[in-house]
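One-letter residues, chain by chain:
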Amino acid sequence: MIFRNQGSSIKGSNNISKDELLDIYGLNSYEFTQKNEEEIFVCSKNKELDLIELDQLLQTVGWSRRPIRRVKRALDFSILVVSLWRHDNKFPRLVGFARCTGDGIIEATVWDVAVNPVYQGKGLGRELMKYILKELKTIGIKKVTLFADAEVVSFYKRQGWTLEPKGSKCAFWYAN
Ligand SMILES: CC(C)(COP(=O)(O)OP(=O)(O)OC[C@H]1O[C@@H](n2cnc3c(N)ncnc32)[C@H](O)[C@@H]1OP(=O)(O)O)[C@@H](O)C(=O)NCCC(=O)NCCS
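The following paragraphs examine the structure supplied in this document. Predicted model, so just to flag it, every value in this text is computed and none were measured.

Remarks on the site of the ligand
Now for step 1: Inspection of the region around the ligand gives 18 residues, with Gln120, Gly125, Arg126, Ala148 and Phe155 positioned closest.
Now for step 2: Those elements that provide at least two residues to the shell around the ligand are strand 6 (107-115), helix 4 (124-138) and helix 5 (153-157).
Now for step 3: The residue makeup of the shell around the ligand, split by class, is 8 nonpolar, 5 polar and 5 charged.

Description of the pairing of strand 4 (residues 80-86)
Now for step 1: Most of strand 4 sits out of view: 6 of its 7 residues are buried.
Now for step 2: Examined bridge by bridge, strand 3 (residues 40-44) and strand 4 share 4 bridges and lie antiparallel to one another. Paired with Cys43 across the bridge in strand 4 is Leu84.
Now for step 3: Of the strand pairs in this sheet, strand 4 and strand 5 (residues 93-102) are connected by 7 bridges, and their pairing is antiparallel. Bridged to Trp85 within strand 5 is Leu94.
Now for step 4: Linking two consecutive strands that pair antiparallel, namely strand 4 and strand 5, is a turn of 6 residues.

The rules behind these values
- Residues numbered from 1 in each chain as written.
- Predicted model: local features only at pLDDT ≥ 70, side-chain atom pairs only at ≥ 80, totals over all residues.
- Near = placed C-beta within 6 Å.
- Helix = DSSP H or I, 4+ residues; strand = E, 2+ residues; numbered from the N terminus.
- Nonpolar A, V, L, I, M, F, W, Y, C, P; charged D, E, K, R; others polar.
- Buried ≥ 20, exposed ≤ 12 C-beta atoms within 10 Å, placed from the backbone.
- Pairing = 2+ DSSP bridges.

Just distances and angles here, no functional claims.
Following this line, the structure appears as structure tokens:
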């Protein structure tokens, strides 16, 4: 179970105050914790990412490596880049990630949704997706798409996503 706790301090050895939240994770970060657990997690759209740490995170979910320079460019051109951190006052740990591309006005597409396997199954992926959709809504985007491997589709369906009808609306083109 997730406890929402935006901007207030949580009892435990690793308390986080409003000022710290802002300092470490930037504006509009979202803090939450889990029942009976002292770990605090934070979604952020402003905290700077270490691209090596991101590369390592994406490797933990088995994705093939991408050149760091290209990833940097891809993030620069993304309209929303969200990182999910296990809070630590000194060394927050990147445990989840997702980003969106789009026109910034009408439509967005979600990419690279990942939660470190050590932290999977605790509701973090769901919180990450909620945060993304809230942030997209804030900038006025109401139509969001994503592409998912068949085995992950139910993760999204549980959160209210619907499949495109009969596989008839989608086309792909890949450069050789
Ligand atoms: C998919 C992923 C982001 C889910 O993160 P997570 O933190 O484990 O998910 P949550 O704990 O928030 O799970 C939310 C719900 O989805 C379900 N779920 C989680 N992972 C799932 C999966 N891979 N397939 C189907 N359902 C899944 C959970 O059982 C839970 O169900 P509930 O609502 O009945 O409790 C994570 O498993 C991951 O990083 N996978 C590898 C990368 C990947 O495939 N990303 C998706 C690219 S399209």
